[in-house]
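Here is how the chains run, residue by residue.
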Amino acid sequence: MGGDTPVTTSAVLMSTSKHISSKCGDENRAFLNCKRDDPNPEKCLAQGQKVTKCVVSLLRDLHETCPKAMDAFTKCMDYYGNEFELCRKEQADFNKACPI
């Protein structure tokens, strides 16, 4: 990924999950509907690429807008095994710096 895009770890995805749901929900629903309607994974590649493109774009935007708050939250989530309860302060700081 590019220099301004964080590495897409589980902690990054968990930390930004509400943002992803808000911004990329339509793309994700189209992908899930495709997978539900056709068990052939090849049939849903275009929808999957749209989800990936949306998420990568969002992560890049978030990292440009509020890098310190995002990094602090994702580092906390990584350290504590993605336990939101143990990272509420960092989560609040991130949500304040980058509102949904």
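Preceding block: the structure.
Residues numbered from 1 in each chain as written. Predicted model: local features only at pLDDT ≥ 70, side-chain atom pairs only at ≥ 80, totals over all residues. Heavy atoms only, no water.

Participant: Describe the side chain of threonine 16, naming the residues involved and giving the relevant values.
Facilitator: Position of threonine 16 among the secondary structure elements: in the loop between helix H1 (10-15) and helix H2 (17-37). The class for threonine 16 is buried, based on a relative accessible area of 0%. Dropping the residues within four chain positions of it, threonine 16 is found in contact with Leu59, Leu62, Met70 and Phe94. (Helix = DSSP H or I, 4+ residues; strand = E, 2+ residues; numbered from the N terminus. Buried < 20%, exposed > 50% of the residue type's maximum accessible area, 1.4 Å probe, protein only. Contact = heavy atoms within 4.5 Å.)

Participant: Describe the state of the cysteines, and please don't skip the residues or the numbers.
Facilitator: For the coordinates displayed, the defined rule picks out four disulfides. Across the disulfide, cysteine 34 is cross-linked to cysteine 44 (sulfur-sulfur distance 2.1 Å). Negative torsions about the S-S bond denote left-handed disulfides, and the value of about -90° found for cysteine 34 with cysteine 44 makes this one left-handed. Placement of the pair is cysteine 34 in helix H2 and cysteine 44 in the loop between H2 and helix H3 (45-65), with a sequence separation of 10 residues. A relative accessible area of 12% places cysteine 34 in the buried class. Bridging cysteine 76 to cysteine 87, the disulfide has an S-S length of 2.1 Å. Classification of the bridge connecting cysteine 76 and cysteine 87 rests on its S-S torsion, roughly -95°, and on that basis the disulfide is left-handed. Placement of the pair is cysteine 76 in helix H4 (residues 67-79) and cysteine 87 in the loop between H4 and helix H5 (88-97), with a sequence separation of 11 residues. (Disulfide = S-S within 2.5 Å.)

Participant: Kindly report on the packing of aromatic side chains, identifying the contributing residues and their values.
Facilitator: To describe a pair of aromatic rings, one takes the distance between the centres and the angle between the planes. Scanning the entire structure with this criterion turns up three aromatic pairs. Arranged with centres 4.9 Å apart and planes meeting at 90°, the rings of tyrosine 79 and tyrosine 80 form a pair that is edge-to-face. You can call tyrosine 80 partly exposed: its relative accessible area is 38%. Counting every residue linked through ring pairs, the aromatic cluster contains Phe73, Phe84 and Phe94. (Phe/Tyr/Trp six-rings, centres within 6.5 Å; stacked < 30°, edge-to-face > 60°.)

Participant: Summarise the pattern of salt bridges; cite the residues concerned and give the values.
Facilitator: On inspection of all chains with the given rule, the structure shows four salt bridges. A salt bridge links arginine 88 to glutamate 85; the nearest nitrogen and oxygen atoms lie 2.7 Å apart. Arginine 88 sits in the partly exposed class, given a relative accessible area of 38%. Glutamate 85 sits in the exposed class, given a relative accessible area of 58%. Note that lysine 89 and aspartate 93 form a salt bridge whose closest N and O atoms lie 2.8 Å from each other. Of this pair, lysine 89 and aspartate 93 both sit in helix H5, separated by four residues, roughly a single helical turn. By relative accessible area, lysine 89 is classed as exposed at 58%. (Salt bridge = Lys/Arg side-chain N within 4 Å of Asp/Glu carboxyl O.)

Everything listed here is a matter of coordinates, which is why it stays silent on function.
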